[in-house]
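Residues per chain are reported as follows:
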Amino acid sequence: VLLDEIDQLRDYEYLCNEQLASKLKALLLKKTIMGHLKKEFKEEKKIREIIHKLDQNKATEGIWGWCKGTRPAVWISLHVAEALLAARQQGYTTNFDKQRLIDYCLYQLQQHKGIDRLFTLQMLQLAGSNADLKPYIDTLEKSSTTLFENLRLQEIKQLAGLPVPIDSLLNKRRQTVFGNLYWGDEQYRFFDNTMHNTILMYRILKRAGDHSATLRKIRNYFLEKRKDGKWRNTY
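Residues numbered from 1 in each chain as written. Predicted model: local features only at pLDDT ≥ 70, side-chain atom pairs only at ≥ 80, totals over all residues. Heavy atoms only, no water.

Peer 1: Quick question: what am I supposed to make of the overall build of the chain here?
Peer 2: Counting its regular elements, the chain contains eleven helices and two strands. What you see in the chain, going N to C, is helices and strands ordered as α-α-α-α-α-α-α-α-α-β-β-α-α. Whereas a compact globule of 235 residues would reach a radius of gyration of roughly 18 Å, the chain reaches 18 Å, a difference of no more than 12%. With respect to the principal axes defined by its C-alpha atoms, the chain has extents near 45 × 45 × 30 Å. Expressed as a percentage of its 235 residues, the buried residues of the chain come to 48%. For the chain, the proportion of contacts with a sequence separation of at least 24, taken over those separated by at least 6, is 58%. On the chain, roughly 12,900 Å² of surface is accessible, and the fraction owed to carbon and sulfur atoms is 50%. (Helix = DSSP H or I, 4+ residues; strand = E, 2+ residues; numbered from the N terminus. Rg over C-alpha atoms; globule rule 2.2 N^0.38 Å. Buried < 20%, exposed > 50% of the residue type's maximum accessible area, 1.4 Å probe, protein only. Contact = heavy atoms within 4.5 Å. Areas by Shrake-Rupley, 256 points an atom, 1.4 Å probe, with all protein chains shown as cover.)

Peer 1: Is there a simple way to explain the confidence of the model for the chain in this structure?
Peer 2: Detailed reading of the predicted coordinates is not advisable wherever pLDDT is low. Put simply, the chain has an average pLDDT of 93, and 100% of its residues get 70 or more. Element-level pLDDT for the chain is lowest in helix α7 (residues 134-143), with a mean of 90, against a maximum mean of 98 in strand β2 (residues 181-183). (pLDDT = per-residue confidence, 0-100.)

Peer 1: Would you explain the side chain of glutamine 19 in this entry?
Peer 2: Note on placement: glutamine 19 falls in helix α2 (residues 17-36). Using a relative accessible area of 10% as the deciding quantity, one classes glutamine 19 as buried. Excluding residues that lie within four positions of it along the chain, glutamine 19 makes contacts with Tyr12, Tyr14 and Thr234.

Peer 1: Would you mind showing me how to read the packing of helix α4 (residues 74-89) against helix α6 (residues 114-127) here?
Peer 2: In contact at an axis separation of 9 Å, α4 and α6 are set at 20° when each is read in the N-to-C sense. Taken together, the axis directions place α4 and α6 in an arrangement best described as roughly parallel. Classified by chirality, the crossing of α6 by α4 is left-handed. Counted together, Val74, Trp75, Ser77, Leu78, Ala81, Glu82 and Leu85 of α4 and Asp116, Phe119, Thr120, Gln122, Met123 and Leu126 of α6 form the full contact between these two elements. Taken together, the residues that form the contact of α4 with α6 break down as eight nonpolar, three polar and two charged. (Axes fitted to C-alpha atoms, helices over the stretch in contact; angles between N-to-C directions. Parallel < 35°, antiparallel > 145°, perpendicular 65-115°, else oblique. Left-handed = near helix turned anticlockwise from the far one by under 90°. Nonpolar A, V, L, I, M, F, W, Y, C, P; charged D, E, K, R; others polar.)

Peer 1: What's the story with unusual backbone geometry in this structure? I'm lost.
Peer 2: Backbone geometry places lysine 38, a non-glycine residue, at a positive phi of 55°. With respect to the helices and strands, lysine 38 occurs in the loop between α2 and α3 (44-56). Judged by its relative accessible area of 75%, lysine 38 is exposed.

Peer 1: It is not clear to me how the pattern of salt bridges should be interpreted in this structure. Could you clarify?
Peer 2: Side-chain pairs of opposite charge can arise whenever the charged atoms involved come near each other. According to the stated counting rule, one finds 18 salt bridges in the structure shown. For arginine 226, the salt bridge goes to glutamate 5, with nearest N and O atoms at 2.7 Å. Note that arginine 226 is positioned in the segment after α11 (212-224) and glutamate 5 in helix α1 (residues 2-10), a separation of 221 residues in sequence. Here the two residues arginine 226 and glutamate 5 agree in accessibility, since each one is buried. Each of Asp7, Arg10, Asp11, Lys30 and Glu43 takes part in salt bridges that share partners, so that together they form one network. (Salt bridge = Lys/Arg side-chain N within 4 Å of Asp/Glu carboxyl O.)

So this is what it looks like as structure tokens:
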């Protein structure tokens with residue numbers, strides 16, 4: 001299933017920064033899968049081309065917008081940063097400057113509100129910033145309005161070593177007719193939807209440990225949602 005999805009994503013014709021980052025994450029995953037299958041991975045050149053393209057598309061601030069030359073967007077920058085750091089961890093050379101990203105995010109943290117502040121905090125965590133994020137976390141805890149924002153915040157808290165109310169989050173679960181578990185409402189909002197919320201909850205539960213039965217039912221939900229032969233979008 002993963003290999004089929006990866007090939008569909010690789011062959012997707014558009015190349016905005018979100019899609020480039022998604023393609024990079026997918027190909028890095030494919031390389032890992034091929035290693036487990038003891039098969040040759042034949043797309044090294046493609047990975048390096050995408051890394052080069054993302055570097056070319058970087059804005060002067062050191063982050064990314066939809067396309068080259070467009071206004072930077074925090075969520076796209078987080079997605080690209082995750083992809084480039086994953087590539088670096090697999091031994092690829094990138095021009096991604098973590099300290100520049102940290103400096104930019106710390107400067108912007110006072111300006112951003114709501115969901116952009118959430119993504120900015122996650123970029124700081126991703127880049128390994130030593131800044132004290134708890135005051136911002138406390139502020140966001142009072143202002144988060146959607147399930148997506150709450151789950152994003154809980155993940156930030158978990159990564160920062162702060163307590164997360166696992167039981168109350170589990171109580172928000174819903175169940176399909178097949179007995180599979182998900183979080184949120186079926187809708188087409190880009191962020192606050194069942195796929196995003198359930199992915200976040202999966203990550204939180206996996207880090208917490210001791211939730212193997214619930215995680216299995218969530219994985220089955222993802223397979224159930226692929227009934228049309230692919231998942232809902234490149235992101």
